[in-house]
Amino acid sequence: MVCATASLFRLRFGLERMSSRVSGVSVWKQTSLQSAPHDAPITGSGTSRRRLCTKNNDASDERTGAAHTATRQLGCSSIYPTVLSQGGASLGDLYVNIDNDVAMEAMDAAYEQGINFYDTSPYYGVGLSEARFGLALHRRSRKDFYVQTKVGRFLIPDRDAVNGTKAGWIGGFHMSIKFDYTAAGLQRQYEDSLQRMGLGYIDALVIHDIEPTCRRSGPEDDGVEAARADLAVLRGSGFQHLQQMRNEGHIQAFGAGVNSNQAGEDIAKKRAWNIEYVDALLDMGASSPGGHMDFLLLANVWSLINFEAMEDGILDKCVDNGVSVIIGGPYSTGILATGADPQDGSVPYYNYLPASDEIRAQCRKIEGICAEFNVPLIAAAIQFPLLHPAVTCVIPGGKNAAEIHSNTAMINVNVPAELWHRLQEAGLIPDTLSLPSA
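Residues numbered from 1 in each chain as written. Predicted model: local features only at pLDDT ≥ 70, side-chain atom pairs only at ≥ 80, totals over all residues. Heavy atoms only, no water.

### Section: the overall build of the chain
Move 1: Regarding its fold elements, the chain presents 13 helices and 14 strands.
Move 2: Each of the 438 residues in the chain was classed as buried or not, and the buried ones make up 60%.
Move 3: Excluding contacts between residues fewer than 6 apart, the proportion of contacts in the chain whose partners are at least 24 apart in sequence is 74%. (Helix = DSSP H or I, 4+ residues; strand = E, 2+ residues; numbered from the N terminus. Buried < 20%, exposed > 50% of the residue type's maximum accessible area, 1.4 Å probe, protein only. Contact = heavy atoms within 4.5 Å.)

### Looking at the nonpolar core
Move 1: Ranked by size, the top nonpolar core spans 98 residues in total, and within it Ile207, Leu234, Leu296, Leu298, Trp302, Leu304 and Trp420 carry the most contacts.
Move 2: Here Leu298 is in contact with Val258, Ala309, Ile314, Leu315, Val325, Ile326, Ile327 and Gly328, once residues within four sequence places are set aside.
Move 3: Counting residues in each nonpolar core, the second largest holds 13 residues, with Leu74, Ala253, Leu297 and Cys393 among its members. (Core = buried A, V, L, I, M, F, W, Y, C linked by side-chain atoms within 4.5 Å.)

### Quick word on the pairing of strand β10 (residues 295–299)
Move 1: For β10, a buried count of five out of five residues is recorded, marking the element as mostly surrounded by other parts of the structure.
Move 2: Burial along β10 is two-sided: Phe295, Leu297 and Ala299 and Leu296 and Leu298, pointing in opposite directions, are all buried.
Move 3: With five bridges joining them, strand β9 (residues 253–259) and β10 adopt parallel strand pairing. When the bridges of β10 are listed, Gly257 appears paired with Leu297.
Move 4: Pairing between β10 and strand β11 (residues 324–328): five bridges, direction parallel. (Pairing = 2+ DSSP bridges.)

### Overview of the environment of Asn412
Move 1: Topologically, Asn412 is positioned in the loop between α12 (401–411) and α13 (417–425).
Move 2: Here the alpha-carbon distance between Asn412 and Thr69, two residues 343 residues apart in the chain, equals 9.8 Å.

### Examining the packing of aromatic side chains
Move 1: Evaluated as defined, the whole model comprises eleven aromatic pairs.
Move 2: Taken together, a centroid distance of 5.3 Å and an interplanar angle of 80° make the contact between Phe239 and Phe254 edge-to-face. Highlighted residues: Phe239 in helix α5 (residues 224–247) and Phe254 in strand β9, separated in sequence by 15 residues. The two residues Phe239 and Phe254 agree in class, both being buried.
Move 3: Summarising the aromatic geometry, the rings of Trp273 and Tyr277 are spaced 5.9 Å apart at their centres and angled 10° between planes, so their arrangement reads as stacked. In this pair, Trp273 and Tyr277 are both assigned in helix α6 (residues 267–286), four residues apart and thus about one turn of the helix distant. (Phe/Tyr/Trp six-rings, centres within 6.5 Å; stacked < 30°, edge-to-face > 60°.)

### Quick word on helix α10 (residues 357–372)
Move 1: Over its 16 residues, α10 runs 23 Å from end to end, which matches the ideal 22 Å to within 8%, given 1.5 Å per residue.
Move 2: Looking at the buried positions of α10, the neighbouring elements they touch are α9 (335–338), β12 (349–350), α11 (377–383) and α13. (Expected span 1.5 Å × (residues − 1).)

### Overview of the sheet that holds strand β8 (residues 204–207)
Move 1: Strand order in the open sheet made by the eight strands is β3-β4-β5-β8-β9-β10-β11-β14, with parallel pairing throughout. Edge positions in the sheet fall to β3 (86–87) and β14 (391–395), since each of these pairs with one other strand and no more.
Move 2: When strand β5 (residues 146–151) meets β8, the two strands line up parallel, connected through four bridges. By the bridge assignment for β8, Thr149 is matched with Leu205.
Move 3: The sheet strands contacting α6 are β8, β9 and β10, and the helix crosses β9 at an angle near 165°. (Axes fitted to C-alpha atoms, helices over the stretch in contact; angles between N-to-C directions.)

The structure is reproduced here in structure tokens:
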């Protein structure tokens, strides 16, 4: 079953193109409609019960009136995230240990800036990020924000976990992890997250990390067969359970995460897996009465320097099936924020590793064109993903109040349409991407 949002994506895209011919500013700033409430109507009963699709919206939040608080519908759900939303990986002590007070200040800054959509995961700091989200948000009006977390892993108390370092975190709780994509497993993980955050309910769930990266047993194992086994388990019961949770109103939406190659993976194999995985997810939705998932969370595969999601047809498939896209990693893990030549003389990071000479050269070309228009690279980077009609929001995930304010400022920078056209003419962004008229 394909919801009406597929055609609405195209309608919105056409209206944005028309509007851009008049003003010539960034596409995502164009439409101004009415936001839907948390309790948007649902219809039907049992496993066929499904939310009615309404028009995709861009409306400024009354707390700020700024462009970054424009909202867009998430798939067929009644969730309308602000185009700038807040990610929670860094608040799980991803690269550095963060004081609890600093984490609370970051979350307070996001809320006070009018951001209404917060993405976290049990895996982030093996419970720490979710706990911090709960502490920061539990005194806020619950109707003023959406919380999204992830399923696919159990957290297991572990006296030898050493603040999550066994699971790859700098800091975090004393937990280890176990994968489980069964219906019973996802239900238990959802209930555990409700307990850790204490926010009464969760708005959206993400199927987390069904991919080869996490399932490699050693240097000779590419992890593909283990990932396919996880996918078979999801197809057997987990996906239907998420459909049921949505249809019964326990959650408003669900989706799945897709990542770029990480930690030196074979790029061709990872891209092939992403295509296989997305096709399988869409088939699960099309072949069952519960309908499609609402969104994909794409990390580092649709940015100003990485176009895999478009090149591999993933974005088009999302539009065709009424599936929205949330963008994680809009800075490609560093280089699009620091530039090709950071001021401290360090080598910038790209997809979690030091950037290659080729990537740095590409980034310098982008920086050069941005400089012609007096636009900071980071401003172009955070706005670029929103040019595609499937994209609902970006979640850069600031780790302190200063980073939150920077993200907010950069997404409000006026990027002239001419800049996008110059990048396209120079072959630095896909020539198949529709742009606002210059």
